[in-house]
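Next come the chains, spelled out residue by residue.
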Amino acid sequence: MGTMDKTRFDQGMTYHQYKAAMTRNQEKFIANEERVRLSQDDVNAFRARPLNVMVLAEDWCGDVIANLPVLGVIAMESGALDLRVFARDQSSDLMDQYLNQGKYKSIPVFAFFDPSSWKEVGVFIERPDAVTEMRAAKRREIFAAHPEFGPPDGAVDQLPDDVRARLSAALQKMRDDTTDQANAEVVREIRAIAEGKATRGGARQLAQV
Amino acid sequence: MTGPVKVRITYCTECGYESYTLDLAGALMREFGERLSSIEIIPWEGGTFDVRVGDALVHSMERDGGFPENSSVIAAVRGALGGTTSS
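Rules used throughout
- Residues numbered from 1 in each chain as written.
- Chains lettered and ligands numbered in written order.
- Predicted model: local features only at pLDDT ≥ 70, side-chain atom pairs only at ≥ 80, totals over all residues.
- Helix = DSSP H or I, 4+ residues; strand = E, 2+ residues; numbered from the N terminus.
- Rg over C-alpha atoms; globule rule 2.2 N^0.38 Å.
- Buried ≥ 20, exposed ≤ 12 C-beta atoms within 10 Å, placed from the backbone.
- Contact = placed C-beta atoms within 7 Å.
- pLDDT = per-residue confidence, 0-100.
- Pairing = 2+ DSSP bridges.
- Axes fitted to C-alpha atoms, helices over the stretch in contact; angles between N-to-C directions.
- Parallel < 35°, antiparallel > 145°, perpendicular 65-115°, else oblique.
- Left-handed = near helix turned anticlockwise from the far one by under 90°.

Novice: I keep staring at the overall build of chain A and nothing clicks. Help me out?
Specialist: Regarding its fold elements, chain A presents nine helices and five strands. Along chain A, helices and strands appear, N-terminal first, in the series α-α-α-α-β-α-β-α-β-β-α-α-α-β. Here the C-alpha radius of gyration of chain A, 18 Å, is about what a compact globule of 209 residues would show, namely 17 Å. Taken along its principal axes, the extent of the C-alpha atoms in chain A is 60 × 35 × 35 Å. Relative to its full complement of 209 residues, chain A shows a buried share of 32%. Pairs at least 24 apart in sequence give 77% of the contacts found in chain A among residues at least 6 apart.

Shown next, in the form of structure tokens:
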């Protein structure tokens, strides 16, 4: 379980400061924000329990670009989450508390704290296992439908350039097609933490924090 | 020297591996210069960091874990070039 206090928390960037300071992927980040949909029931659930959230992120990371906007929209629409974002590679004191499997610096990390006691109430790391599994299944379907892509675990550098480009496009389309489902799963897991129904979200099978 | 040797570095764009890729490519350029036929850099996904020298996959992040030492890739290239010494 991680430790946090107000002094360290306040050293992080607000969500809007972080978004403004992004040096890459900002357009994609904003586009992902615009795709997030919350029900009124979700918003009410988050409003019932204000929390402070320590975020570890880097703007080159695909899982950060996908999942931090979901948390940001929850914070904006509920008004109940106070976020502070820290750059992973400049915050080893924080990252070391949340290593995936005790060794991997997987991001994003969302660590949720009670605003009065600073007791940690839950942690979300990287992406939901359900999303990983769903996309792995979709990926297998793509390879099954396109023998020219070779085996799913094949060496992509051995593919002709045009075939590799088609594979890349197919994988990107699959990720885009599954974004709404993935966002819904992230909302569901974060809500479970906020409601006290879970203490882990994201890569729960891997996280040993 | 044997035939021309090509090096391919496949890296994950979503993982921030650009610096490792460029560092390795630079080390190979400095070590071998024109003795390499090409160094191909392939942007990919999924946590990939693979290095192929000719037909041989000399490093795979999934298979071997982590990043290769530049020296180990240089040794593999030197072997593929027929054991010639560095210039």
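Novice: Sorry, what's going on with the overall build of chain B here?
Specialist: Looking only at helices and strands, chain B features three helices and four strands. What you see for chain B is a C-alpha radius of gyration of 12 Å, in line with the 12 Å of a compact globule of 87 residues. Considering only C-alpha atoms, chain B reaches an extent of 35 × 20 × 20 Å along its principal axes. Considering only residue pairs separated by 6 or more positions, chain B has 68% of its internal contacts joining residues 24 or more positions apart.

Novice: What is the right way to look at the confidence of the model for chain B in this model?
Specialist: Close reading of the predicted structure is inappropriate where its pLDDT is low. All names here are of chain B. Of the residues in chain B, 92% reach a pLDDT of 70 or more, and the chain-wide mean stands at 90. Mean pLDDT per element in chain B: helix α2 (residues 61–64) is the minimum at 86, and helix α3 (residues 70–80) is the maximum at 97. Our summary of model confidence lists the complex with pTM equal to 0.86 and ipTM equal to 0.77.

Novice: How should the environment of A:Gly79 be read in this particular structure?
Specialist: Residues and elements named next belong to chain A. With respect to the helices and strands, the residue Gly-79 is situated in the loop between α5 (62–78) and β2 (81–87). Judged by the 12 C-beta atoms lying within 10 Å of it, Gly-79 is exposed. Sequence-wise, Gly-79 and Pro-50 are 29 residues apart; in three dimensions their C-alpha atoms are separated by 8.1 Å.

Novice: How do you make sense of the sheet that holds strand β1 (residues 5–12) of chain B when you look at a structure like this?
Specialist: Strand pairing in a sheet relies on backbone hydrogen bonds. The paired strands run either parallel or antiparallel. Residue and element names in this part refer to chain B. Spatially, β2-β1-β3-β4 is the arrangement adopted by the four strands of the open sheet, whose pairing is mixed. Where the open sheet ends on each side, the last strands, each with one partner, are β2 (36–44) and β4 (56–60). Each strand of the sheet is rotated relative to its neighbour by a mean of 15°, with strand direction disregarded. Where strand β3 (residues 49–53) and β4 come together, four bridges link them in antiparallel fashion. In the sheet register, Asp-50 faces β4, and the bridge partner there is Ser-60. Of the strands in this sheet, β1, β2 and β3 touch helix α1 (residues 18–32), which is tilted by about 180° from β2.

Novice: What is the right way to look at the sheet that holds strand β4 (residues 120–125) of chain A in this model?
Specialist: Residue and element names in this part refer to chain A. Here we have five strands laid out as an open sheet, ordered β2-β1-β3-β4-β5, and mixed in their pairing. Two strands in the sheet have a free side with no partner beyond their single neighbour: β2 and β5 (200–202). If you compare each strand with its neighbour and ignore which way they point, the axes differ by 20° on average. Taken together, the five bridges between strand β3 (residues 109–113) and β4 define a ladder with antiparallel strand orientation. What sits directly across from Val-109, in β4, is Ile-125.

Novice: What should I look at first to understand the packing of helix α3 (residues 26–35) of chain A against α5(A) in this one?
Specialist: Two packed helices can be described by the angle between their axes and the distance between those axes. Residue and element names in this part refer to chain A. Running from N to C, α3 and α5 cross one another at 50°; their axes reach a closest spacing of 8 Å. Relative to α5, α3 is oriented oblique. The handedness of the crossing between α3 and α5 comes out as right-handed. Across from Lys-28, Phe-29, Asn-32 and Glu-33 in α3, the residues of α5 making contact are Ile-65, Ala-66, Pro-69, Gly-72 and Val-73.

Novice: Could you clarify how one ought to interpret the pairing of β3(B) in this entry?
Specialist: Residues in a regular strand project their side chains so that they alternate between the two faces of the sheet. Residue and element names in this part refer to chain B. Across the five residues of β3, five count as buried, placing the element largely inside the fold. Burial of the side chains of β3 extends over both faces: Phe-49, Val-51 and Val-53 are buried on one face and Asp-50 and Arg-52 on the other. Direction of pairing for β1 relative to β3: antiparallel, over a ladder of five bridges. Bridge pairing in β3 places Tyr-11 opposite Phe-49. Hairpin connection of β3 to β4: two residues between the antiparallel strands, including Gly-54 at a positive phi of 65°.

Novice: Got a minute to help me understand unusual backbone geometry in this structure?
Specialist: Excluding glycine, residues mostly have negative phi values, and the peptide bonds linking residues are mostly trans. All names here are of chain A. A cis amide bond links Ile-107 to the next residue, Pro-108, at an omega of 5°. Position of Pro-108 relative to the elements: it lies in the loop between α6 (92–95) and β3. Not every positive phi belongs to a glycine, and Gln-101 is a case in point at roughly 55°. The phi dihedral of Glu-126 is positive, around 70°, even though this residue is not glycine. Position of Glu-126 relative to the elements: it lies in the loop between β4 and α7 (129–145).

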